[in-house]
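Geometric and topological summary
Residues per chain, in single letters:
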Amino acid sequence: MSQVAAMDIGSTKVVVALADVEESGLLRVLAVGSAPNEGVRSGTVVDIETTAQAILQAVRQCEQMADRKLDSVVLGVTGEHISGSRSPGIVPIVPAGRTITSEDVHRVITHSKQIPIPAERQLLHVVPVSFKVDGQAGVTKPVGMNGERLEVEAYLVTGLKSHILNLERCVNRAQIEVEEVVLQPLATSESVTAPSDRQAGCAVVDIGGYSTDVAVFRQGGITNSSIVPIGGSHITGDLVKLLKTTPEEAERLKLQFGSCIPSDSGEKEAVVVRQIGMEKPRPMARRVFCEIIEARAEENLTLVRDWILKVASWEDLNAGIVLTGGGAALTGLDRLAARVFNDVPIRVAKPTPLHGLGDVVSGYEHAAIVGLLKHAQRSALARQEGPEAKGIRRLMNTIGSVFGSKGREDIP
Ligand SMILES: Nc1ncnc2c1ncn2[C@@H]1O[C@H](COP(=O)(O)OP(=O)(O)OP(=O)(O)O)[C@@H](O)[C@H]1O
Ligand SMILES: [Mg+2]
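Position numbers for residues start from 1 in each chain and track the written sequence from start to end. Think of it this way: whatever chain is written first is A, whatever ligand is written first is 1, and the rest follow in order. Reporting of local features is limited, given that this is a predicted model, to residues whose pLDDT is at least 70; pairs of side-chain atoms are given and counted only at 80 or more, and all residues count toward the totals for whole chains, interfaces and linings. Calculation of side-chain values draws on the structure's entire complement of heavy atoms; hydrogens and water are dropped beforehand.

Here we come to the pattern of salt bridges. Salt bridges are identified by distance alone: a Lys or Arg side-chain nitrogen within 4 Å of an Asp or Glu carboxyl oxygen. According to the stated counting rule, one finds 25 salt bridges in the structure shown. Ionic pairing is found between Glu249 and Arg274, a salt bridge with its closest N-O pair at 2.9 Å. In this pair, Glu249 is assigned in helix α7 (residues 247–257) and Arg274 in the loop between β15 (270–273) and β16 (282–285), connecting sequence segments 25 residues apart. Buried residues are those whose accessible area, probed at 1.4 Å on protein chains only, stays under 20% of the maximum for their type, while exposed residues exceed 50% and partly exposed ones sit between those limits. Residue classification places Glu249 among the buried residues on the basis of a relative accessible area of 5%. Numbering of helices and strands starts at the N terminus; helices are DSSP runs of H or I of at least 4 residues and strands are runs of E of at least 2.

This part covers the environment of Ser233. Structurally, Ser233 can be placed in helix α6 (residues 232–243). Accessibility expressed as a relative area gives 17% for Ser233, which makes it buried. Distance in space between the C-alpha atoms of Ser233 and Gly277 is 23 Å, their sequence separation being 44 residues. Contact definition: two residues touch when any of their heavy atoms are within 4.5 Å. Ignoring any residue separated from it by four or fewer positions in sequence, one finds Ser233 in contact with Thr12, Gly208, Gly209, Tyr210 and Lys254.

Bringing the packing of α6 against α7 into the picture now. The convention used is that axes are lines fitted to C-alpha atoms, helices contributing only their stretch in contact, and that angles between N-to-C directions extend from 0 to 180 degrees. Relative to each other, α6 and α7 sit at 115°, their axes nearing to 9 Å. Once α6 is placed against α7, the crossing between them reads as right-handed. Contacts between α6 and α7 involve Gly232, Ser233, Ile235, Thr236, Leu239, Val240 and Leu243 on the former and, on the latter, Pro247, Ala250, Glu251, Leu253 and Lys254. Its residues placed into classes, the contact of α6 with α7 shows 7 nonpolar, 3 polar and 2 charged. Each crossing gets its handedness from the near helix: less than a right angle anticlockwise from the far helix is left-handed, clockwise is right-handed. Polar here means any residue outside two lists: the nonpolar Ala, Val, Leu, Ile, Met, Phe, Trp, Tyr, Cys and Pro, and the charged Asp, Glu, Lys and Arg; Gly therefore counts as polar.

As a further point, take the sheet that holds strand β8 (residues 121–133). Should DSSP find at least two bridges between two strands, the strands are regarded as paired. If you walk across this open sheet you meet the 4 strands as β7-β10-β8-β9, and the pairing is antiparallel. Strands at the two margins of the open sheet, each flanked by one partner only, are β7 (83–92) and β9 (136–139). The mean inter-strand angle of the sheet, taken between neighbouring strand axes irrespective of direction, is 40°. Pairing geometry for β8 and strand β10 (residues 149–160), over 11 bridges, is antiparallel. Each residue of the ladder has a partner; that of Lys132, found in β10, is Glu151. Most of the contacts of helix α2 (residues 102–112) go to β7, to which it runs at about 130°, and overall it touches β7, β8 and β10.

This next bit is on the sheet that holds strand β1 (residues 2–9). Taken together, 6 strands build an open sheet; the order of strands is β11-β6-β1-β2-β3-β19 and the sheet is mixed. Either end of the sheet is taken by a strand with one partner, and the two such strands are β11 (177–183) and β19 (355–356). In terms of strand pairing, strand β2 (residues 13–21) meets strand β3 (residues 27–36) through 9 bridges, oriented antiparallel. Residue pairing across strands places Ala17 opposite Val32, the latter belonging to β3. Taken strand by strand, helix α1 (residues 48–66) contacts β1, β2 and β3, and its axis lies near 145° from that of β3.

Laid out in C-alpha coordinates, this is it:
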(Lines give C-alpha, C1' and ligand atoms only; values in the text may rest on other atoms or scores of the structure.)
(Ligands and ions follow the chains in the order given, each with its own letter.)
Protein backbone atom coordinates (compact mmCIF):
# COMPACT_ATOMS: atom_id res chain seq x y z
CA MET A 1 0.00 0.00 0.00
CA SER A 2 1.25 3.50 -0.80
CA GLN A 3 0.03 7.02 -0.20
CA VAL A 4 -0.57 9.80 -2.72
CA ALA A 5 -1.24 13.51 -2.26
CA ALA A 6 -2.62 16.11 -4.65
CA MET A 7 -3.25 19.86 -4.67
CA ASP A 8 -5.69 22.06 -6.59
CA ILE A 9 -4.88 25.78 -6.39
CA GLY A 10 -8.10 27.42 -7.54
CA SER A 11 -9.19 31.05 -7.79
CA THR A 12 -11.56 30.69 -4.82
CA LYS A 13 -9.97 27.90 -2.81
CA VAL A 14 -6.96 25.66 -2.33
CA VAL A 15 -7.64 21.97 -1.71
CA VAL A 16 -5.07 19.38 -0.62
CA ALA A 17 -5.93 15.72 -0.24
CA LEU A 18 -4.04 12.64 0.92
CA ALA A 19 -5.15 9.10 0.06
CA ASP A 20 -4.08 5.51 0.52
CA VAL A 21 -3.73 3.43 -2.61
CA GLU A 22 -4.76 -0.05 -1.55
CA GLU A 23 -3.43 -3.27 -3.07
CA SER A 24 -6.71 -3.68 -4.93
CA GLY A 25 -6.23 -0.27 -6.57
CA LEU A 26 -8.89 1.34 -4.41
CA LEU A 27 -8.30 4.98 -3.40
CA ARG A 28 -9.12 5.71 0.23
CA VAL A 29 -9.11 9.40 1.16
CA LEU A 30 -7.32 9.87 4.52
CA ALA A 31 -7.32 13.65 4.91
CA VAL A 32 -8.42 16.82 3.17
CA GLY A 33 -7.47 20.45 3.79
CA SER A 34 -9.17 23.42 2.21
CA ALA A 35 -8.70 27.18 2.48
CA PRO A 36 -10.16 30.18 0.65
CA ASN A 37 -7.81 31.73 -1.90
CA GLU A 38 -7.87 35.10 -3.62
CA GLY A 39 -4.37 35.01 -5.04
CA VAL A 40 -4.96 33.21 -8.34
CA ARG A 41 -6.83 34.29 -11.48
CA SER A 42 -7.37 32.02 -14.47
CA GLY A 43 -4.74 29.60 -13.20
CA THR A 44 -2.06 32.27 -12.79
CA VAL A 45 -0.67 33.48 -9.46
CA VAL A 46 -1.42 37.19 -9.12
CA ASP A 47 -0.57 37.39 -5.41
CA ILE A 48 2.18 35.06 -4.20
CA GLU A 49 1.79 35.94 -0.50
CA THR A 50 -1.98 35.34 -0.41
CA THR A 51 -1.67 32.10 -2.38
CA ALA A 52 1.20 30.82 -0.21
CA GLN A 53 -0.81 31.55 2.94
CA ALA A 54 -3.88 29.75 1.59
CA ILE A 55 -1.74 26.75 0.66
CA LEU A 56 -0.15 26.71 4.10
CA GLN A 57 -3.55 26.79 5.77
CA ALA A 58 -4.90 23.96 3.61
CA VAL A 59 -1.74 21.89 4.09
CA ARG A 60 -1.77 22.31 7.87
CA GLN A 61 -5.42 21.27 7.98
CA CYS A 62 -4.71 18.20 5.90
CA GLU A 63 -1.65 17.29 7.99
CA GLN A 64 -3.57 17.64 11.22
CA MET A 65 -6.29 15.38 9.95
CA ALA A 66 -3.78 12.81 8.69
CA ASP A 67 -1.57 13.14 11.78
CA ARG A 68 1.49 13.14 9.54
CA LYS A 69 3.50 15.61 7.55
CA LEU A 70 3.04 15.90 3.79
CA ASP A 71 6.23 15.83 1.74
CA SER A 72 5.09 16.22 -1.83
CA VAL A 73 2.02 16.65 -4.01
CA VAL A 74 0.86 16.21 -7.57
CA LEU A 75 -0.14 19.70 -8.65
CA GLY A 76 -2.78 20.73 -11.17
CA VAL A 77 -2.00 23.60 -13.56
CA THR A 78 -4.21 25.47 -15.95
CA GLY A 79 -4.40 28.91 -17.53
CA GLU A 80 -4.00 30.91 -20.69
CA HIS A 81 -0.28 30.16 -20.67
CA ILE A 82 -1.02 26.50 -21.45
CA SER A 83 -0.90 25.67 -25.10
CA GLY A 84 -1.41 22.50 -27.07
CA SER A 85 -0.19 21.59 -30.51
CA ARG A 86 -0.27 18.58 -32.78
CA SER A 87 3.00 16.89 -33.58
CA PRO A 88 3.56 13.89 -35.84
CA GLY A 89 6.05 11.10 -35.23
CA ILE A 90 7.22 8.34 -37.59
CA VAL A 91 9.50 5.29 -37.18
CA PRO A 92 10.41 2.34 -39.41
CA ILE A 93 9.68 -1.18 -38.17
CA VAL A 94 12.79 -3.28 -38.71
CA PRO A 95 12.85 -5.95 -40.02
CA ALA A 96 10.01 -4.72 -42.18
CA GLY A 97 6.68 -6.40 -41.50
CA ARG A 98 7.43 -7.70 -38.02
CA THR A 99 4.98 -7.36 -35.12
CA ILE A 100 4.83 -3.91 -33.53
CA THR A 101 5.80 -3.86 -29.85
CA SER A 102 5.17 -1.37 -27.04
CA GLU A 103 8.82 -0.30 -27.50
CA ASP A 104 7.99 0.77 -31.06
CA VAL A 105 5.09 2.81 -29.74
CA HIS A 106 7.45 4.33 -27.21
CA ARG A 107 9.91 5.19 -30.02
CA VAL A 108 7.32 6.81 -32.26
CA ILE A 109 5.96 8.93 -29.39
CA THR A 110 9.50 9.95 -28.49
CA HIS A 111 9.95 10.99 -32.12
CA SER A 112 6.79 13.13 -31.96
CA LYS A 113 8.44 15.08 -29.12
CA GLN A 114 11.44 16.05 -31.22
CA ILE A 115 10.15 19.49 -32.09
CA PRO A 116 11.80 22.61 -30.76
CA ILE A 117 10.08 23.86 -27.64
CA PRO A 118 10.79 27.51 -26.79
CA ALA A 119 13.15 27.89 -23.83
CA GLU A 120 10.50 29.66 -21.77
CA ARG A 121 8.06 26.74 -22.08
CA GLN A 122 7.88 23.39 -20.27
CA LEU A 123 6.55 20.22 -21.84
CA LEU A 124 3.77 18.84 -19.64
CA HIS A 125 2.16 16.03 -21.61
CA VAL A 126 2.54 14.13 -24.83
CA VAL A 127 -0.73 12.39 -25.57
CA PRO A 128 -1.02 10.14 -28.63
CA VAL A 129 -4.18 11.04 -30.52
CA SER A 130 -4.06 8.44 -33.29
CA PHE A 131 -1.70 6.01 -34.97
CA LYS A 132 -1.15 4.89 -38.57
CA VAL A 133 0.37 1.57 -39.58
CA ASP A 134 1.70 1.55 -43.15
CA GLY A 135 -0.44 4.58 -43.89
CA GLN A 136 -3.64 3.02 -42.55
CA ALA A 137 -5.27 5.69 -40.37
CA GLY A 138 -7.50 5.33 -37.32
CA VAL A 139 -5.40 2.71 -35.51
CA THR A 140 -5.92 2.97 -31.76
CA LYS A 141 -3.82 0.00 -30.58
CA PRO A 142 -0.86 -0.63 -32.87
CA VAL A 143 0.86 -3.15 -30.57
CA GLY A 144 0.48 -6.64 -32.04
CA MET A 145 -0.12 -5.42 -35.60
CA ASN A 146 2.40 -6.09 -38.37
CA GLY A 147 3.87 -3.37 -40.53
CA GLU A 148 6.84 -1.51 -41.94
CA ARG A 149 6.09 1.97 -40.73
CA LEU A 150 4.44 3.32 -37.59
CA GLU A 151 3.16 6.89 -37.38
CA VAL A 152 1.57 8.83 -34.56
CA GLU A 153 -0.20 12.11 -34.25
CA ALA A 154 0.45 13.37 -30.72
CA TYR A 155 -0.97 16.26 -28.74
CA LEU A 156 1.81 18.16 -26.97
CA VAL A 157 0.86 20.28 -23.99
CA THR A 158 3.27 22.97 -22.81
CA GLY A 159 3.06 25.68 -20.17
CA LEU A 160 5.08 28.80 -19.41
CA LYS A 161 7.90 27.86 -17.03
CA SER A 162 7.59 31.15 -15.14
CA HIS A 163 3.89 30.58 -14.37
CA ILE A 164 4.48 27.02 -13.23
CA LEU A 165 7.48 28.12 -11.17
CA ASN A 166 5.39 30.75 -9.39
CA LEU A 167 2.86 28.10 -8.39
CA GLU A 168 5.64 25.75 -7.28
CA ARG A 169 7.24 28.51 -5.20
CA CYS A 170 3.97 29.03 -3.34
CA VAL A 171 3.75 25.30 -2.66
CA ASN A 172 7.40 25.12 -1.53
CA ARG A 173 6.71 27.83 1.04
CA ALA A 174 4.64 25.21 2.92
CA GLN A 175 7.69 22.85 2.89
CA ILE A 176 6.05 20.74 0.21
CA GLU A 177 7.72 19.51 -2.98
CA VAL A 178 5.88 19.37 -6.29
CA GLU A 179 6.50 15.85 -7.54
CA GLU A 180 4.52 16.23 -10.74
CA VAL A 181 2.67 18.94 -12.65
CA VAL A 182 -0.53 17.86 -14.40
CA LEU A 183 -2.79 19.69 -16.82
CA GLN A 184 -5.83 20.17 -14.62
CA PRO A 185 -8.57 19.68 -17.26
CA LEU A 186 -6.95 16.35 -18.06
CA ALA A 187 -7.15 15.35 -14.40
CA THR A 188 -10.70 16.63 -14.04
CA SER A 189 -11.82 14.55 -16.98
CA GLU A 190 -10.70 11.42 -15.14
CA SER A 191 -13.12 12.12 -12.31
CA VAL A 192 -16.23 13.02 -14.31
CA THR A 193 -16.06 10.91 -17.46
CA ALA A 194 -15.58 7.24 -18.26
CA PRO A 195 -13.06 6.04 -20.86
CA SER A 196 -16.07 5.21 -23.06
CA ASP A 197 -17.16 8.89 -22.99
CA ARG A 198 -13.71 10.01 -24.05
CA GLN A 199 -13.65 7.35 -26.73
CA ALA A 200 -17.04 8.45 -28.08
CA GLY A 201 -15.97 12.12 -27.89
CA CYS A 202 -16.92 14.66 -25.26
CA ALA A 203 -16.08 18.08 -23.87
CA VAL A 204 -15.35 18.55 -20.17
CA VAL A 205 -16.23 22.01 -18.85
CA ASP A 206 -15.01 22.91 -15.32
CA ILE A 207 -16.76 26.11 -14.25
CA GLY A 208 -14.68 27.59 -11.45
CA GLY A 209 -14.59 30.94 -9.69
CA TYR A 210 -12.97 33.31 -12.17
CA SER A 211 -12.51 31.01 -15.14
CA THR A 212 -13.81 27.94 -16.91
CA ASP A 213 -11.55 25.17 -18.16
CA VAL A 214 -12.62 23.37 -21.32
CA ALA A 215 -11.10 20.24 -22.81
CA VAL A 216 -12.16 18.21 -25.83
CA PHE A 217 -11.61 14.44 -26.00
CA ARG A 218 -11.79 12.27 -29.09
CA GLN A 219 -10.83 8.64 -29.66
CA GLY A 220 -10.05 8.37 -25.97
CA GLY A 221 -7.51 11.18 -25.65
CA ILE A 222 -7.43 14.93 -25.20
CA THR A 223 -7.25 16.83 -28.47
CA ASN A 224 -7.68 20.45 -27.35
CA SER A 225 -7.93 22.50 -24.19
CA SER A 226 -8.55 26.12 -23.35
CA ILE A 227 -9.66 28.48 -20.61
CA VAL A 228 -12.55 30.96 -20.74
CA PRO A 229 -12.05 33.91 -18.36
CA ILE A 230 -15.51 33.75 -16.80
CA GLY A 231 -16.76 31.70 -13.85
CA GLY A 232 -19.24 31.65 -10.99
CA SER A 233 -17.58 34.58 -9.21
CA HIS A 234 -18.46 36.88 -12.11
CA ILE A 235 -22.12 36.18 -11.38
CA THR A 236 -21.53 37.17 -7.76
CA GLY A 237 -19.67 40.27 -8.98
CA ASP A 238 -22.63 41.30 -11.15
CA LEU A 239 -24.98 40.91 -8.19
CA VAL A 240 -22.67 43.05 -6.02
CA LYS A 241 -22.77 45.87 -8.58
CA LEU A 242 -26.40 45.74 -9.56
CA LEU A 243 -27.84 45.04 -6.12
CA LYS A 244 -25.41 47.46 -4.41
CA THR A 245 -24.56 44.89 -1.81
CA THR A 246 -21.45 43.20 -0.34
CA PRO A 247 -19.72 40.20 -1.98
CA GLU A 248 -20.67 38.04 1.04
CA GLU A 249 -24.34 38.97 0.80
CA ALA A 250 -24.36 38.53 -2.99
CA GLU A 251 -22.76 35.07 -2.68
CA ARG A 252 -25.21 34.05 0.05
CA LEU A 253 -28.20 35.16 -2.00
CA LYS A 254 -26.85 33.45 -5.13
CA LEU A 255 -26.41 30.14 -3.33
CA GLN A 256 -29.78 30.36 -1.58
CA PHE A 257 -32.06 31.84 -4.26
CA GLY A 258 -30.01 31.81 -7.45
CA SER A 259 -31.10 30.11 -10.65
CA CYS A 260 -30.35 30.73 -14.30
CA ILE A 261 -33.96 30.03 -15.28
CA PRO A 262 -35.89 33.21 -14.29
CA SER A 263 -39.24 31.78 -15.38
CA ASP A 264 -39.03 29.20 -12.57
CA SER A 265 -39.68 32.02 -10.08
CA GLY A 266 -43.26 33.03 -9.40
CA GLU A 267 -44.22 36.57 -10.44
CA LYS A 268 -44.57 37.67 -6.86
CA GLU A 269 -41.55 35.90 -5.44
CA ALA A 270 -39.06 38.28 -3.85
CA VAL A 271 -35.45 38.17 -2.68
CA VAL A 272 -34.69 40.38 0.30
CA VAL A 273 -31.38 42.20 -0.18
CA ARG A 274 -29.27 43.94 2.46
CA GLN A 275 -27.80 46.88 0.58
CA ILE A 276 -24.66 48.78 1.54
CA GLY A 277 -25.50 51.91 3.52
CA MET A 278 -29.21 51.08 3.79
CA GLU A 279 -30.70 50.35 7.16
CA LYS A 280 -33.62 48.27 5.98
CA PRO A 281 -33.27 45.29 3.66
CA ARG A 282 -35.09 45.75 0.34
CA PRO A 283 -37.09 43.17 -1.55
CA MET A 284 -36.52 42.68 -5.27
CA ALA A 285 -38.35 40.47 -7.76
CA ARG A 286 -36.68 37.07 -7.79
CA ARG A 287 -37.20 36.85 -11.56
CA VAL A 288 -35.10 39.98 -12.06
CA PHE A 289 -32.51 38.60 -9.64
CA CYS A 290 -32.35 35.40 -11.70
CA GLU A 291 -32.19 37.33 -14.99
CA ILE A 292 -28.91 38.88 -13.83
CA ILE A 293 -27.58 35.39 -13.12
CA GLU A 294 -28.91 34.01 -16.39
CA ALA A 295 -27.21 36.73 -18.46
CA ARG A 296 -23.73 35.98 -17.13
CA ALA A 297 -24.17 32.18 -17.07
CA GLU A 298 -25.38 32.31 -20.68
CA GLU A 299 -22.40 34.43 -21.70
CA ASN A 300 -20.09 31.91 -20.02
CA LEU A 301 -21.63 28.90 -21.76
CA THR A 302 -21.78 30.72 -25.11
CA LEU A 303 -18.03 31.45 -24.96
CA VAL A 304 -17.43 27.78 -24.15
CA ARG A 305 -19.65 26.69 -27.07
CA ASP A 306 -17.94 29.06 -29.51
CA TRP A 307 -14.52 27.76 -28.53
CA ILE A 308 -15.61 24.11 -28.82
CA LEU A 309 -16.99 24.79 -32.29
CA LYS A 310 -13.64 26.23 -33.34
CA VAL A 311 -11.88 22.94 -32.61
CA ALA A 312 -14.57 20.29 -33.11
CA SER A 313 -18.02 19.67 -34.52
CA TRP A 314 -20.96 18.31 -32.56
CA GLU A 315 -20.70 15.04 -34.50
CA ASP A 316 -17.28 14.54 -32.88
CA LEU A 317 -18.80 14.74 -29.40
CA ASN A 318 -21.15 11.77 -29.23
CA ALA A 319 -20.94 11.65 -25.44
CA GLY A 320 -21.82 15.35 -25.29
CA ILE A 321 -20.85 18.05 -22.81
CA VAL A 322 -19.97 17.32 -19.19
CA LEU A 323 -20.30 20.32 -16.87
CA THR A 324 -18.58 20.34 -13.48
CA GLY A 325 -16.76 22.67 -11.04
CA GLY A 326 -18.44 24.76 -8.33
CA GLY A 327 -20.12 26.96 -10.93
CA ALA A 328 -21.97 23.94 -12.32
CA ALA A 329 -23.93 23.70 -9.06
CA LEU A 330 -26.01 26.67 -10.18
CA THR A 331 -29.69 25.73 -10.25
CA GLY A 332 -31.02 25.29 -13.79
CA LEU A 333 -27.60 25.16 -15.45
CA ASP A 334 -28.43 21.91 -17.24
CA ARG A 335 -31.48 23.52 -18.86
CA LEU A 336 -29.63 26.70 -19.80
CA ALA A 337 -26.84 24.56 -21.27
CA ALA A 338 -29.37 22.52 -23.27
CA ARG A 339 -30.50 25.80 -24.83
CA VAL A 340 -26.99 27.08 -25.54
CA PHE A 341 -25.66 23.76 -26.85
CA ASN A 342 -28.76 22.95 -28.91
CA ASP A 343 -29.36 19.22 -28.96
CA VAL A 344 -26.00 18.06 -27.70
CA PRO A 345 -26.37 15.74 -24.66
CA ILE A 346 -25.59 17.62 -21.42
CA ARG A 347 -24.58 16.12 -18.11
CA VAL A 348 -23.83 18.03 -14.92
CA ALA A 349 -21.43 15.73 -13.09
CA LYS A 350 -19.91 15.36 -9.65
CA PRO A 351 -16.62 13.46 -9.29
CA THR A 352 -16.75 9.69 -8.96
CA PRO A 353 -17.09 8.84 -5.26
CA LEU A 354 -13.96 7.77 -3.41
CA HIS A 355 -13.70 5.66 -0.24
CA GLY A 356 -12.66 6.75 3.25
CA LEU A 357 -13.28 10.48 3.57
CA GLY A 358 -14.44 10.55 -0.03
CA ASP A 359 -17.61 12.42 0.92
CA VAL A 360 -15.46 15.45 1.84
CA VAL A 361 -14.43 15.71 -1.82
CA SER A 362 -17.73 14.75 -3.41
CA GLY A 363 -19.04 18.16 -4.58
CA TYR A 364 -18.89 19.61 -8.10
CA GLU A 365 -16.04 21.86 -6.95
CA HIS A 366 -13.95 18.76 -6.14
CA ALA A 367 -13.83 17.30 -9.65
CA ALA A 368 -10.25 18.57 -10.09
CA ILE A 369 -8.81 17.30 -6.79
CA VAL A 370 -10.39 13.85 -7.26
CA GLY A 371 -8.95 13.67 -10.78
CA LEU A 372 -5.54 14.74 -9.50
CA LEU A 373 -5.62 12.00 -6.84
CA LYS A 374 -6.44 9.47 -9.55
CA HIS A 375 -3.55 10.73 -11.61
CA ALA A 376 -1.23 10.54 -8.59
CA GLN A 377 -2.37 6.94 -8.10
CA ARG A 378 -1.54 6.11 -11.72
CA SER A 379 1.92 7.64 -11.39
CA ALA A 380 2.59 5.79 -8.13
CA LEU A 381 1.63 2.54 -9.80
CA ALA A 382 3.92 3.20 -12.76
CA ARG A 383 6.79 3.92 -10.35
CA GLN A 384 6.25 0.66 -8.46
CA GLU A 385 6.10 -1.47 -11.57
CA GLY A 386 9.17 -2.84 -13.25
CA PRO A 387 9.81 -1.97 -16.90
CA GLU A 388 8.13 -5.17 -18.09
CA ALA A 389 4.89 -4.63 -16.17
CA LYS A 390 5.00 -0.99 -17.20
CA GLY A 391 5.14 -2.08 -20.82
CA ILE A 392 2.06 -4.26 -20.34
CA ARG A 393 0.24 -1.40 -18.68
CA ARG A 394 1.14 0.90 -21.55
CA LEU A 395 -0.08 -1.72 -23.92
CA MET A 396 -3.37 -2.13 -22.07
CA ASN A 397 -3.95 1.57 -21.85
CA THR A 398 -2.76 2.48 -25.31
CA ILE A 399 -4.84 5.33 -26.51
CA GLY A 400 -7.43 4.99 -23.76
CA SER A 401 -5.10 6.74 -21.37
CA VAL A 402 -5.69 10.45 -21.07
CA PHE A 403 -2.56 11.00 -19.11
CA GLY A 404 1.09 11.02 -19.67
CA SER A 405 3.61 11.17 -16.94
CA LYS A 406 5.70 14.15 -15.92
CA GLY A 407 5.61 15.51 -19.45
CA ARG A 408 8.66 13.49 -20.24
CA GLU A 409 7.43 10.26 -21.62
CA ASP A 410 3.72 10.13 -21.95
CA ILE A 411 3.26 6.75 -23.44
CA PRO A 412 0.12 4.72 -23.68
N1 LIG B 1 -24.73 25.98 -5.27
C2 LIG B 1 -24.09 26.84 -6.05
N3 LIG B 1 -24.77 27.64 -6.91
C4 LIG B 1 -24.13 28.52 -7.69
N5 LIG B 1 -22.80 28.71 -7.70
C6 LIG B 1 -22.07 27.96 -6.86
C7 LIG B 1 -22.66 26.99 -6.00
N8 LIG B 1 -21.68 26.41 -5.28
C9 LIG B 1 -20.52 26.99 -5.67
N10 LIG B 1 -20.75 27.93 -6.61
C11 LIG B 1 -19.78 28.80 -7.26
O12 LIG B 1 -18.67 28.07 -7.72
C13 LIG B 1 -17.54 28.93 -7.81
C14 LIG B 1 -16.32 28.25 -7.25
O15 LIG B 1 -16.10 27.08 -7.96
P16 LIG B 1 -14.77 26.22 -7.72
O17 LIG B 1 -14.61 25.92 -6.29
O18 LIG B 1 -14.83 25.06 -8.67
O19 LIG B 1 -13.67 27.28 -8.18
P20 LIG B 1 -12.09 27.23 -8.07
O21 LIG B 1 -11.62 25.85 -8.38
O22 LIG B 1 -11.64 27.83 -6.79
O23 LIG B 1 -11.70 28.26 -9.21
P24 LIG B 1 -10.97 28.06 -10.62
O25 LIG B 1 -11.17 26.66 -11.04
O26 LIG B 1 -11.61 29.05 -11.53
O27 LIG B 1 -9.54 28.42 -10.37
C28 LIG B 1 -17.88 30.18 -7.00
O29 LIG B 1 -18.09 31.26 -7.88
C30 LIG B 1 -19.18 29.80 -6.28
O31 LIG B 1 -20.04 30.89 -6.10
MG1 LIG C 1 -11.11 24.85 -10.11
